[in-house]
Amino acid sequence: LYLEITRTLISFQGKEAFQFSARDVTTLRRIQRQAEIHEHHASLGRFSSAMAHKIRNPLAAIVMQSSYLSRRLKDEPEYLEILGDLLSSVHRLQDLVSSVQAFIRPQKAQFAVEDVVEVIESSFITIDYDTSRIDFHENFQHHDGRIKVDIQLIQIVLANIISNSIRAMPGG
């Protein structure tokens with residue numbers, strides 16, 4: 001229970017006196033606290049998105065270069081093992097970034113109109129797959145344009161679906 005107490009100097013029966021009044025501000029305090037928590041979560045969400053972007057770009061470059069090296073070193077099993085370990089570590093970092101984003105993300109979705117093809121293609125940036133063993137083909141025959149979507153949430157969902165599909169494939 002939170003009370004706001006005020007004191008006022010008044011004249012009572014010809015003498016100075018203090019009048020006290022109390023007001024229950026419990027609901028107001030609870031609403032203020034919820035607003036503070038919401039703003040804190042929103043700040044963490046913005047921070048985690050910025051950090052995820054800064055982390056994922058170098059990880060994507062590592063994946064691409066590792067795939068290139070694995071094709072070039074296909075007859076060198078000791079190097080392929082090292083590259084496999086490197087890609088496993090990158091994959092764990094990508095999963096960690098996604099988990100942190102999902103945990104910190106503010107609850108309310110932020111919808112915007114986005115291009116369907118760009119949404120799908122952007123989901124592949126964070127996925128770890130060996131291009132020497134997996135061929136990916138795009139076929140957007142009915143490209144109707146734009147959809148209203150929360151880009152961050154849909155990218156997480158699509159990346160997880162694609163990543164899980166790749167892992168479920170033989171040799172994936």
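Keep in mind that what you see is a predicted model, and the values were worked out from it rather than measured.

1. Digging into helix 1 (residues 26-72)
- Taking 1.5 Å of rise per residue, the 47 residues of helix 1 would be expected to cover 69 Å, and the 68 Å separating its terminal C-alpha atoms lies within 8% of that figure.
- Within helix 1, the full set of buried residues consists of Ala42, Gly45, Ser48, Ser49, Ala52, Arg56, Leu59, Ala60, Val63, Ser66, Ser67 and Ser70.
- Among the structural elements, helix 2 (77-104) and helix 4 (151-168) are those in contact with the buried residues of helix 1.

2. Let's talk about helix 2
- With 28 residues, helix 2 should cover 40 Å at 1.5 Å per step; its first-to-last C-alpha distance of 40 Å lies within 8% of that length.
- The complete set of buried residues in helix 2 reads Leu83, Leu87, Val90, His91, Gln94, Val97, Ser98, Gln101 and Ile104.
- Elements in contact with the buried residues of helix 2: helix 1 and helix 4.

3. A few points about the packing of helix 3 (residues 116-123) against helix 4
- Between helix 3 and helix 4, the shortest axis-to-axis distance is 8 Å and the interhelical angle comes to 55°. Between helix 3 and helix 4, the angle is such that the two are oblique. Like other packed secondary-structure pairs, helix 3 and helix 4 cross with a definite hand, here right-handed. Here Val119, Ile120, Ser122 and Ser123 of helix 3 come into contact with helix 4, specifically with Ile151, Ile154, Gln155, Leu158 and Ala159.

4. So, the pairing of strand 2 (residues 15-24)
- Taken across its ten residues, strand 2 has zero buried, putting it largely on the surface.
- Direction of pairing for strand 1 (residues 3-12) relative to strand 2: antiparallel, over a ladder of ten bridges. Residue pairing in the sheet places Leu9 in a bridge with Phe18 of strand 2.
- As consecutive antiparallel partners, strand 1 and strand 2 are separated by two residues, and within that stretch Gln13 has a phi angle of approximately 50°, a positive value.

Calculation notes
- Residues numbered from 1 in each chain as written.
- Predicted model: local features only at pLDDT ≥ 70, side-chain atom pairs only at ≥ 80, totals over all residues.
- Heavy atoms only, no water.
- Helix = DSSP H or I, 4+ residues; strand = E, 2+ residues; numbered from the N terminus.
- Expected span 1.5 Å × (residues − 1).
- Buried < 20%, exposed > 50% of the residue type's maximum accessible area, 1.4 Å probe, protein only.
- Contact = heavy atoms within 4.5 Å.
- Axes fitted to C-alpha atoms, helices over the stretch in contact; angles between N-to-C directions.
- Parallel < 35°, antiparallel > 145°, perpendicular 65-115°, else oblique.
- Left-handed = near helix turned anticlockwise from the far one by under 90°.
- Pairing = 2+ DSSP bridges.

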